[in-house]
Amino acid sequence: MPVETIKMVCLRRKPNEPLGLTVEIDEHKQLMVARIIAGGMIDRQGLLNPGDVILEVNGVSVSTPEDLQAQISVAKESVTLKIGPNFEEEMKSARLTMSGGQCYMRALFDYDPTQDTLLPCQDIGLQFSHGDILQIINVKDPNWWQAKHVGTDGPIGLVPSQELEERRKAYVPPEADYVHKISICGTRISKKKRKTMYKSKSNNDFDKADLAFYEEVTKMPPFQRRTLVLVGVQGVGRRTLKNRLINSDATKFGTITPHTTRPPRVLEENGKGYWFIDRENFEEEVRLNNFLEYGEHNANLYGTHLDSIRDVIKQNKMCVLDCAPSALKLLHNSQEFMPFVVFIAAPGMEQLQQIYAERRATGGSSRNLAFDRQSSIRYSSRRARTLESLASLYEDDDLVQTVEDSAMLQRKYEKYLDLIIVNEDPDITFRKVIEALDELAHSHQFVPVNWIY
């Protein structure tokens, strides 16, 4: 194991306080961190990740869970761990060495060297933005990588390593993490009580290995992605865009047929609109993680089966999905689905008001915010005006919440997004998506390395 991959982690704990992790012996006979317990001591300090290999505890070698438990039990307030990387990190380092520096990373955060107090010399720092592709030249320093921007003749500079950013993030207290806590108006975001949908991968919300600042990518010749994923908050026009894409070219685009436990209605055929299965089989498929997402409505289960996506792909069509953002991780990490993810961002208040008004005028589904003047008690014009005023106030509040939720959703899932479009004009949004897909078919593109290797 190369010397530069070893790190020392010092943990401070209260007497007899458990570390808050589980370990296992991996296929390489190494003692590996299997899981970080949410809220535990290690989780609070943020210095370890699942997949890390524990080599020593306070200078004593450990190779089994029993060895680790014995050394932790005799340790006092301070526990020093010697940590090695997991097998994937070693392979990444080996690819970098063998390729002579031709390793590429997509930055998942913004970096300004002039604001970095840890940088040894600000003049040699390399500034970059979220989404930039960096060519990593040297990773021998565990804290600072040497890198340059891809496709430019610019200088080589220093960028913080993944490990350094993890440690830096660990020192940010939750109350100071304004990125995820403040709305666009500068106020605290409060969560509404709502009926949550069951998701086969709901444990992604608790995945402690999701703290990533770079994603390794590789350059590929032009090719068409297998799925087109439209995400965004409710009411921004995803469903309309999806239907328009499919209707524009049914030979190129297709979509899934959802599964449900609802009994078929009169004239409904299996596979036409829905696949009808019994609840027992549905729940068995859920247990086998064969659903991208699923939920319950009126005591019936509905879901997007992975086989439905595969069926569209087998027809040589791009499968268009408008799924929940929580499904992005599964799609992004899959070699078979290779998604192009478009985030439909909420437009300004005026545009949203126009969208809602058009939807009500055409009988589309939306919140019932309109009051009929003739339905008021005794046709009281004063009461009718009061109700209409309340409707306007509720609608404005709903629109503000939509804009704020959209901004928060974009920040949370930004690392999975390929294209962000503010849906101010449906025609322009449609053309932008088509142009982006045409570009993929004619230009080289950087894709996650796990899609290839």
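Residues numbered from 1 in each chain as written. Predicted model: local features only at pLDDT ≥ 70, side-chain atom pairs only at ≥ 80, totals over all residues. Heavy atoms only, no water.

Enquirer: How would you sum up the packing of aromatic side chains? Please name residues and give values.
Expert: One pass over the full model with this rule turns up 12 aromatic pairs. Considering the side-chain rings of Tyr-274 and Phe-276, the 6.1 Å spacing of their centres and the 50 degrees angle between planes classify their relative orientation as tilted. Judged by its relative accessible area of 25%, Tyr-274 is partly exposed. For the pair Phe-282 and Phe-291, a centre-to-centre distance of 4.4 Å together with 20 degrees between the ring planes defines the contact as stacked. For the pair Phe-282 and Phe-291, a shared accessibility class is recorded, and that class is buried. It is Arg-244 that lies over the ring of Phe-430; its NZ or CZ is 4.4 Å from the centre. (Phe/Tyr/Trp six-rings, centres within 6.5 Å; stacked < 30°, edge-to-face > 60°. Buried < 20%, exposed > 50% of the residue type's maximum accessible area, 1.4 Å probe, protein only. Lys NZ or Arg CZ within 6 Å of the ring centre and 35° of its normal.)

Enquirer: Report on the state of the cysteines, specifying residues and quantitative values.
Expert: Applying the stated criterion to the full structure yields 0 disulfides. Between Cys-319, a free cysteine, and Cys-323, which holds the nearest cysteine sulfur, the sulfur-to-sulfur gap is 9.6 Å. By relative accessible area, which is 0% here, Cys-319 ends up buried. (Disulfide = S-S within 2.5 Å.)

Enquirer: A description of helix α5 (residues 238-248) should follow, citing residues and the corresponding values.
Expert: Burial in α5 covers these residues: Arg-238, Leu-241, Lys-242, Leu-245 and Ile-246. Taken down its axis, α5 places every buried residue within 130 degrees of arc, on the same side. Facing away from the buried side of α5 by more than 90 degrees, the exposed set consists of Arg-239, Thr-240 and Asn-247. The elements touched by buried residues of α5 are β12 (227-231), β13 (253-254), β18 (318-321), β19 (339-345) and α11 (426-440). (Helix = DSSP H or I, 4+ residues; strand = E, 2+ residues; numbered from the N terminus. Arc of directions from axis to C-beta. Contact = heavy atoms within 4.5 Å.)

Enquirer: An account of the pairing of strand β10 (residues 157-160) is requested, with residue identities and associated values reported.
Expert: Burial along β10 is two-sided: the face carrying Gly-157 and Val-159 and the face carrying Leu-158 and Pro-160 are both buried. Where strand β9 (residues 144-149) and β10 come together, 4 bridges link them in antiparallel fashion. The partner of Gln-146 across the bridge, within β10, is Leu-158. (Pairing = 2+ DSSP bridges.)

Enquirer: Tell me about the packing of α5 against α11, and name the residues and values.
Expert: For the pair α5 and α11, the least separation of the axes is 11 Å and the interaxial angle reads 60 degrees. By the criterion of interaxial angle, the relationship of α5 to α11 is oblique. Crossing geometry of α5 relative to α11 is assigned as right-handed. Counted together, Leu-241, Arg-244, Leu-245 and Ser-248 of α5 and Pro-426, Asp-427, Thr-429, Phe-430, Val-433 and Ile-434 of α11 form the full contact between these two elements. When the residues that make up the contact of α5 with α11 are grouped by side-chain class, the tally is 6 nonpolar, 2 polar and 2 charged. (Axes fitted to C-alpha atoms, helices over the stretch in contact; angles between N-to-C directions. Parallel < 35°, antiparallel > 145°, perpendicular 65-115°, else oblique. Left-handed = near helix turned anticlockwise from the far one by under 90°. Nonpolar A, V, L, I, M, F, W, Y, C, P; charged D, E, K, R; others polar.)

Enquirer: Go over helix α7 (residues 306-314), please, and point to the residues and values.
Expert: Given 3.6 residues per helical turn, the α-helix brings residues three or four places apart onto the same face. Along α7, the positions that sit buried rather than exposed are Leu-306, Ser-308, Ile-309, Val-312 and Ile-313. Taken end-on, α7 shows its buried residues confined to a sector of 160 degrees, consistent with a single buried face. Once α7 finishes, Asn-316 follows within two positions and takes phi at roughly 60 degrees, a positive value.

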